[in-house]
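Take a look at the letters that make up each chain.
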Amino acid sequence: MQGLARSIAIVTAVGLVAACARPAGPAPVASAPARPASLVEPVDGQPELPAGWRWESYGGVQVGVPGDWGWDSQALRLDAWCIKPGNHPPAVARPGAGVPLIACDIDREGPPAGFLTANTGWTVGFNPTDKNDGTDHEGDRTRVRRDSVEVIIQAPKQWRDRIAATIHQVRVDDAGCPSSHRISTGPDLRPTPPGDVATLRDVTSVSVCKYPLPYGSSASPSSPRLLSSLRLDGPAAADQIREIAAAPVGGGLDTPANCAPEVAHGDQIIVLLVRSATGTGEITMRYAGCVQNGFDDGTTIRKLTKGGVGPLVTGPNRVYGGFSGQPEKDDMLLPPG
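It should be emphasised that the depicted structure is a prediction, and the values quoted were computed from it without experimental measurement. (Residues numbered from 1 in each chain as written. Predicted model: local features only at pLDDT ≥ 70, side-chain atom pairs only at ≥ 80, totals over all residues. Heavy atoms only, no water.)

Draft legend 1. Structural detail: empty space enclosed by the protein. The final tally for this structure, using the stated rule, is 2 cavities of 30 Å³ or more. Roughly 30 Å³ of volume is contained in the second largest cavity. What lines the second largest cavity is simply Trp 71, Asp 72, Val 92, Arg 94, Gly 315, Pro 316, Arg 318 and Tyr 320. Counting only elements with at least two residues in the lining of the second largest cavity, the list comes to β4 (70-73) and β5 (91-94). Taken together, the residues that form the lining of the second largest cavity break down as 4 nonpolar, 1 polar and 3 charged. (1 Å grid on protein atoms, 1.4 Å probe; cavity = no way out; pocket = protein on both sides within 12 Å on 5 of 7 lines; lining within 4 Å. Points joined across faces, edges and corners; volume = space filled by probe spheres on them. Helix = DSSP H or I, 4+ residues; strand = E, 2+ residues; numbered from the N terminus. Nonpolar A, V, L, I, M, F, W, Y, C, P; charged D, E, K, R; others polar.)

Given below as C-alpha cells:
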C-alpha cells in the first residue's frame, strides 16, 4: 500500500476476516427472537436498547450494537489494519490478541487511514484508558471514555451517534457477569465455596464471564475487570453443565515445561456462574496457561474437552491466540477458518 512502511514481523498468528462489500447499513431485524430477562445492574440507569440490538460489555461499561454484527480481533481489525485493509463486515473487535509489529498510519495527511471505515469496516472496539471521561472525534471514529474504559466506534456519523447514546456503566452486565471478580487477584485461585458440578440439577442459566489474571512480574492486571461475556439459557445451559460434568477427572491439557512459573497460569480465565435448583455456584475454566488447565468446581478439576469448551468461547468470548499448549488445545479454542 502506497505511503505505508511494510516491514512486518508478525509475532502472533490470529485469524483474519475476509474483506467483502458492505451494505449501506446493518439490515433491520424484522422479528428478533424474544430476549431472556436481563440480569443487568446499571450504575446510573440504562438507556433503552433499540429493537434487534444486543449488549456488549467490557470492564464495567456496556454498549449496544445491532444484533447482526459479528466479532473480530482488534489486533488486526484496528491496531494492524493495514495487513488486510478493507470494508469488512460490521463487528465488535476486542483487544487481547498479540498485535503484529507493523507501521500503519505513517507519512500521512489528515485523519489516520485506520480511522476510516473504508479500511476497517464498521467497528466497535474497547481499550483500558487512564484518561478522564469524555468524547472525541476524528475521521470516521468516535472515542467515548467512561470509568477507565475507552469505547471506539467506527462507522458513519449517524450510526456512531446511535451507538454512543447506549454507552453506560454497569456493576453487573446484561449477561449476569460482575464487572470485577476475586479470581483476578491471584493466578491460582479456585471457586469458593467449593461445589460439585455432578450434583447440579434444574440448571436454568449460565453466565460465562472472561476475566484477566495476574501475569508475569505484575502483581495484578492493569485493569482487572471483565473482558467479555455471554449467557446460556434453558436447555443450552443445562446441556453445557452436563457436558462439563462428563469430562474426565484430573485436569489438563497441561504443559508445565513450556512456561516460566510467573506466567504458568496464563493471563485469562473464564468464570461460569451457574444458576440451578441449589442457587448460584461457580465453575472456572482455565485454558490460557501451562498448568491447572481444566474445569474446576472448587472440589474437582476436570479435563478440557472440545464439547465442554466450544460453547464458552464463541461470540464475544472468542479466543484469538496468546495461550500456551498443544495442537489439541488450538482445535478447542480458536475460531474455525
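Draft legend 2. Quick peek at the packing of aromatic side chains. A complete count under the given rule lists 3 aromatic pairs for this structure. With centroids separated by 5.3 Å and ring planes inclined at 15 degrees, the aromatic side chains of Tyr 58 and Phe 126 adopt a geometry described as stacked. Here Tyr 58 is found in strand β2 (residues 53-58), whereas its partner Phe 126 is found in strand β6 (residues 123-128), with 68 residues between them in sequence. Look at Tyr 58 and you get buried, because its relative accessible area is 8%. Both rings, one in Trp 122 and one in Trp 159, keep their centres 5.7 Å apart while their planes meet at 50 degrees; by these two values the pair is tilted. Linking Trp 122 in the loop between α2 (117-120) and β6 with Trp 159 in helix α3 (residues 157-164), this pair joins segments that are 37 residues apart in sequence. Among the residues examined, Trp 159 registers a relative accessible area of 15% and is labelled buried. Through a chain of ring-to-ring contacts, three or more aromatic side chains come together here, namely Trp 53, Trp 122 and Trp 159. It is Arg 141 that lies over the ring of Phe 115; its NZ or CZ is 3.8 Å from the centre. (Phe/Tyr/Trp six-rings, centres within 6.5 Å; stacked < 30°, edge-to-face > 60°. Buried < 20%, exposed > 50% of the residue type's maximum accessible area, 1.4 Å probe, protein only. Lys NZ or Arg CZ within 6 Å of the ring centre and 35° of its normal.)

Draft legend 3. Fine view of the side chain of Glu 150. Mapped onto the elements of the fold, Glu 150 is located in strand β9 (residues 149-154). For the buried Glu 150, no salt bridge is present, and the opposite-charge side chain at shortest range is Arg 143, 4.2 Å distant. Residues in contact with Glu 150, not counting those within four places in the same chain, are Gly 125, Phe 126, Asn 127, Thr 129, Arg 143, Val 144 and Arg 145. (Lys, Arg positive; Asp, Glu negative; His and termini not counted. Salt bridge = Lys/Arg side-chain N within 4 Å of Asp/Glu carboxyl O. Contact = heavy atoms within 4.5 Å.)

Draft legend 4. Representation of the sheet that holds strand β10 (residues 168-172) in the model. Spatially, the 4 strands line up as an open sheet ordered β1-β10-β3-β2, and their pairing is antiparallel. Whereas interior strands pair on both sides, the edge strands pair on one side only; in this sheet they are β1 (41-42) and β2. Bridging between β2 and strand β3 (residues 61-66) involves 6 bridges; their strand directions are antiparallel. Paired with Trp 53 across the bridge in β3 is Pro 66. (Pairing = 2+ DSSP bridges.)

Draft legend 5. Fine view of the nonpolar core. By size, the foremost hydrophobic cluster in this structure holds 28 residues, and its most contacted members are Val 206, Ile 241, Leu 272 and Met 285. Listing elements by their share of this core, those giving two or more residues are β11 (205-212), β12 (228-233), α4 (235-245), β13 (268-276), β14 (279-286) and α6 (327-333). Excluding its chain neighbours within four sequence positions, the residues that come into contact with Val 206 are Leu 230, Arg 231, Leu 232, Ala 237, Ile 241, Leu 272, Leu 273, Val 274 and Arg 275. Residues Trp 53, Trp 55, Val 61 and Trp 159 belong to the second largest nonpolar core, which totals 21 residues. (Core = buried A, V, L, I, M, F, W, Y, C linked by side-chain atoms within 4.5 Å.)

Draft legend 6. The arrangement of the sheet that holds β13 in detail. Spatially, the 6 strands line up as an open sheet ordered β12-β11-β13-β14-β15-β16, and their pairing is antiparallel. Where the open sheet ends on each side, the last strands, each with one partner, are β12 and β16 (301-302).

Draft legend 7. Spotlight on the state of the cysteines. All told, the structure shown has 3 disulfides when counted by the stated rule. At a sulfur-sulfur separation of 1.9 Å, the disulfide partner of Cys 82 is Cys 104. Residues Cys 82 and Cys 104 share a disulfide whose torsion about the S-S bond is about -75 degrees; that sign makes it left-handed. Here Cys 82, found in the loop between α1 (74-79) and β5, pairs with Cys 104, found in the loop between β5 and α2; they are 22 residues apart in sequence, far enough to count as distant. Of the two residues examined, Cys 82 and Cys 104, each falls in the buried class. Across a sulfur-sulfur distance of 1.8 Å, Cys 259 and Cys 290 are joined as a disulfide pair. Residues Cys 259 and Cys 290 share a disulfide whose torsion about the S-S bond is about 50 degrees; that sign makes it right-handed. Remark: Cys 290 occurs in the loop between β14 and β15 (294-296) and Cys 259 occurs in the loop between α4 and β13; sequence separation between them is 31 residues. (Disulfide = S-S within 2.5 Å.)

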